[in-house]
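Residue-level listing of the chains:
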Amino acid sequence: EYATDTKPEPTPAPEPEPTTAENGAPLSFPVHIMRGAAGYFSDVMAGCMEPPRHFFFLAYLTCLGNILQNTLKTELYPQGRLYTVILGESADDRKSTAISKTVTFFLKTISTFKACFGVGSAEGLQRRFLKDASDGTPSSVLLVFDELKAFVGKSKVDGSVLLPMVCTLFETNRYESHTKDREIILTDAHLSILAASTIETYERTWDSAFQDIGMTNRLFIVPGTGRRLHAIPGRVPGHELETMKSDLGKILRAASITPEFEITPAARALYEAWYFNLEQSIHTKRLDTYALRFMILLTVNAGKSEVDESTVQDVIDLMNWQLQARRLHDPIDAD
């Protein structure tokens, strides 16, 4: 793994207290999965700033998934794109800090990385995709919202097709809408979302339109609690910044060599055991979709050439954590 190359080890930030679920059980992130390039990045950033480590880790994977073209050797052709929402109780959790610092790192490191900081309509998002695809290459855009409520508000505008457009682009890279007054046609459009929200807003801002179309189960929610650790945060040391850039370059070069990842027999058996025993509920919808996407991301993040058993175990641990998070922050009763 590239992150195990000889390099200075950052000082890990203290772990925040886990969020407590309604049944009293702790909701703690599976910290053992934070390895590889994203793990090193999250260690460095959380060592000098206050957001929880896993905020940086999953923000990194969201940005990474937006530029990957890798998939798994299956007829489903999963992609590494995520719709990630970082949840926190208040400004003290520093949700926006984790997003802005991670996105800025990718913008400065990868010349082809594209981020859109807000969109008001489906037509506006279409123009952004067409602008970035002007050179004939597939268009990949990370849609960044400092407050998820802004997207929800725009989606509620009468006549807006922003919500169905975003929902469709989660599953595929094509969207079309034809009316008498307007026409939207997108092909080969790769959309990812990275947004922040307070827990109260996330649980209360939705209405039946979002539930009926399945928007909420397309979101990967990331709750967490930060701590006041640095009155004036320090600056990331130059050598660690260069190491993070080098790590990203290494895993991207390795990923380009293997566009389709094989899943080892042991890894497949482990995943099938989890999949066939997964309960049927509103909270498990598209959890298997995210499992396949994270197989790609964690394999690339570790610089591996195939999905092995340890990677699948990490994915299962992450999906089980996500199921707990969905139960805890259930927006179904928002109406």
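Please refer to the structure placed before this passage.
On a predicted model such as this, the values are computed, not experimentally measured, just so you know.

1. Examining the overall build of the protein
Item 1. Assigned secondary structure in the protein consists of 12 helices and 12 strands.
Item 2. Relative to its 335 residues, the protein shows a buried fraction of 53%.
Item 3. Of the contacts made within the protein by residues no fewer than 6 positions apart, 79% connect residues no fewer than 24 positions apart.
Item 4. Counting only carbon and sulfur atoms, one obtains 50% of the accessible surface of the protein, whose full area is about 14,800 Å².

2. Here's the deal with the nonpolar core
Item 1. Tyr83, Phe106, Met215, Phe294 and Met319 are the most contacted members of the largest nonpolar core, which totals 108 residues.
Item 2. If sequence neighbours within four positions are ignored, methionine 319 has contacts with Phe220, Trp274, Leu287, Tyr290, Ala291 and Phe294.

3. With respect to the packing of aromatic side chains
Item 1. Within the structure shown, the criterion is met by 19 aromatic pairs.
Item 2. A cation sits over an aromatic face here: arginine 293 above phenylalanine 170, 4.1 Å from the ring centre.

4. Quick word on the sheet that holds strand E6 (residues 139-145)
Item 1. The strand order E5-E6-E9-E4-E10 describes an open sheet built from five strands, whose pairing is parallel. For this open sheet the edge positions go to strand E5 (115-116) and strand E10 (220-223), each flanked by a neighbour on one side alone.
Item 2. Relative to strand E9 (residues 189-198), E6 runs parallel, the two being bridged by seven bridges. Across the sheet, valine 144 pairs through a bridge with leucine 194, a residue of E9.

5. Considerations on helix H6 (residues 162-171)
Item 1. The buried count for H6 comes to seven of 10 residues, which makes it a mostly enclosed element.
Item 2. Among all positions in H6, only Leu162, Leu163, Met165, Val166, Cys167, Leu169 and Phe170 are buried.

6. Considering the packing of helix H1 (residues 36-48) against helix H2 (residues 53-67)
Item 1. In the contact formed by H1 and H2, the axes pass within 8 Å of each other and the chain directions differ by 140°. Considered as vectors, H1 and H2 are oriented oblique to each other. Here H1 runs over H2; the crossing is right-handed. Across from Ala37, Ala38, Gly39, Phe41, Ser42, Asp43, Met45 and Ala46 in H1, the residues of H2 making contact are Arg53, Phe56, Phe57, Tyr60 and Leu61.
Item 2. A breakdown of the residues in the contact of H1 with H2 according to their chemical character gives nine nonpolar, two polar and two charged.

Analysis parameters
The residue numbering used here restarts from 1 in each chain and proceeds along that chain's sequence as written. The model is predicted, so local features are restricted to residues of pLDDT at least 70 and side-chain atom pairs to those at 80 or more, both for listing and for counting; the totals for chains, interfaces and linings are taken over all residues. Note: side-chain values were computed over all heavy atoms of the structure, leaving out hydrogens and water. Numbered from the N terminus, helices here are DSSP runs of H or I no shorter than four residues, and strands are runs of E no shorter than two. Working definition: with a 1.4 Å probe on protein chains only, accessible area under 20% of the residue-type maximum means buried, over 50% means exposed, and in between means partly exposed. In this analysis, two residues are considered to be in contact whenever any of their non-hydrogen atoms come within 4.5 Å of each other. Each accessible area value is a Shrake-Rupley result obtained with a 1.4 Å probe; residue values ignore everything except the protein chains displayed when judging cover. Take the buried residues of types Ala, Val, Leu, Ile, Met, Phe, Trp, Tyr and Cys, join any two whose side-chain atoms come within 4.5 Å, and each joined set is a nonpolar core. Classification of ring pairs rests on two measures: the distance between centres of Phe, Tyr or Trp rings, Trp counted by its six-membered ring, which must be within 6.5 Å, and the angle between planes, read as stacked under 30 degrees, edge-to-face over 60 and tilted in between. Should the NZ of a Lys or the CZ of an Arg lie within 6 Å of a ring centre and within 35 degrees of the ring normal, that charge is described as sitting over the ring. Strands are treated as partners if at least two bridges between them are detected by DSSP. In this analysis an axis means a line fitted to C-alpha atoms, helices contributing only their contacting stretch, and an angle means the value between N-to-C directions, from 0 to 180 degrees. Here the angle decides the label: under 35 degrees means roughly parallel, over 145 means roughly antiparallel, 65 to 115 means roughly perpendicular, and every other value means oblique. In a left-handed crossing the near helix is turned counterclockwise from the far helix by less than a right angle, and in a right-handed crossing that turn is clockwise. Following the grouping adopted for this structure description, the nonpolar residues are Ala, Val, Leu, Ile, Met, Phe, Trp, Tyr, Cys and Pro, the charged ones are Asp, Glu, Lys and Arg, and the polar ones are all others, Gly among them.

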